[in-house]
Structures are given as C-alpha cells and as structure tokens.
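Single-letter residue listing:
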Amino acid sequence: ESAFERFMLPLQQVCLQLEAVSQPEEFARVEAKRVIVGLMRDLRGICSSCVNKRTYTLLFDWLFPAHMGLLRRCCQVYGQDNDVAIP
C-alpha cells in the first residue's frame, strides 16, 4: 500500500458508501448531497495540488475506472445544483 493509497483511504471509503446507495431518491437526499459536496471539494483540492505528471497520474488512476460511475451519477443527479456542480 503506497502513501498515496493511504492518503486516499478516507475518500475511498466515502466513494464506496455513495456507490452502495442504489435508490435514486436516497442518493438525492440532503445527507447524501452534503457528503458529495465534501467529496467534490476534497477532490478539487487534491487535483489542484497535482503539479506534475506523476501526481496527476496517481489521481487519475485512482479515479478511473473505479469511481467514474459515481462521478457520472453525481452529474446526473446534481448537475443543475450549483452547490455540487461548483463546489
């Protein structure tokens, strides 16, 4: 387990919890929205600190393909919600 994987473990757990939500109405609840906003803010911060190919590749490899479905689902449900779409 690399230092990056250990660093991303809390976000990994959040992603897995959100991915386990199967009902659309549960995914659209206020509690889920708060978690998603926090996740997106964290990912934005991590992405903005990726200043070279190595760090960007680490993040991209973590996101793709494992969590792209979650990101797509967030866009489908919250794409028009500025709180989520523009964290």
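Calculation rules
- Here the residue numbering is sequential within each chain, running from 1 through the sequence in written order.
- Thresholds applied to this predicted model are a pLDDT of at least 70 for local features of residues and 80 or more for the giving and counting of side-chain atom pairs; totals over whole chains, interfaces and linings are not thresholded and use all residues.
- Processing note: side-chain calculations cover all non-hydrogen atoms of the structure and skip hydrogens and water entirely.
- pLDDT expresses, on a scale from 0 to 100, how confident the predictor is about each individual residue.
- Working definition: helices are DSSP H or I runs of at least four residues, strands are E runs of at least two. Numbering for both runs from the N terminus.
- Residues grouped as a nonpolar core are buried Ala, Val, Leu, Ile, Met, Phe, Trp, Tyr and Cys residues, joined through side-chain atoms within 4.5 Å.
- In this scheme, a residue with accessible area under 20% of its type's maximum is buried, one over 50% is exposed, and one in between is partly exposed, where area comes from a 1.4 Å probe on protein chains only.
- Contacts between residues were defined by any pair of non-hydrogen atoms, one from each residue, lying within 4.5 Å.
- Aromatic rings from Phe, Tyr and Trp, taking only the six-membered ring of Trp, are treated as a pair when their centres fall within 6.5 Å; an angle between ring planes under 30 degrees marks them as stacked, one over 60 as edge-to-face, and anything in between as tilted.
- In the sections that follow, a salt bridge refers to a side-chain nitrogen of Lys or Arg positioned within 4 Å of a carboxyl oxygen of Asp or Glu.

Draft legend 1. Broad picture of the confidence of the model for the chain. Looking at the chain as a whole, the pLDDT averages 93, with 99% of positions reaching at least 70. Model confidence for the chain, summarised as mean pLDDT per element, is weakest for helix α6 (residues 82-85) at 82 and strongest for helix α1 (residues 3-19) at 97.

Draft legend 2. Just the nonpolar core, in detail. Core analysis: the biggest nonpolar cluster contains 22 residues, and Met 8, Phe 27, Ile 36, Leu 39, Leu 43, Leu 59 and Trp 62 have the highest contact counts within it. Taken together, the elements giving at least two residues each to this core come down to α1, α3 (30-48), α4 (53-63) and α5 (68-78). Broken down by element, this core gets its largest block of residues, six residues, from α3. In contact with Leu 59, other than residues within four places in its own chain, are Phe 4, Met 8, Leu 43, Ile 46, Cys 47 and Cys 50.

Draft legend 3. Representation of the packing of aromatic side chains in the model. Under the counting rule described, the total for this entry stands at three aromatic pairs. Each ring, one from Phe 27 and one from Tyr 78, has its centre 6.3 Å from the other, and the planes form 40°; the classification is tilted. Of the two residues, Phe 27 sits in helix α2 (residues 24-27) while Tyr 78 sits in helix α5, which places them 51 residues apart along the sequence. Residue classification places Phe 27 among the buried positions, given a relative accessible area of 0%. Residue Tyr 78 is classed as buried on the basis of its relative accessible area of 5%.

Draft legend 4. Spotlight on the pattern of salt bridges. This structure, assessed with the given rule, holds three salt bridges. The salt bridge involving Glu 31 is made with Arg 29; its shortest N-O contact spans 3.4 Å. Overall, Glu 31 belongs to the partly exposed group, its relative accessible area being 45%. Its relative accessible area of 46% is what places Arg 29 among the partly exposed residues. Taking the shortest distance from any N to any O, the salt bridge between Asp 83 and Lys 33 comes out at 3.5 Å. Taken together, the residues span a long stretch of sequence, with Asp 83 in helix α6 and Lys 33 in helix α3 at a distance of 50 residues.

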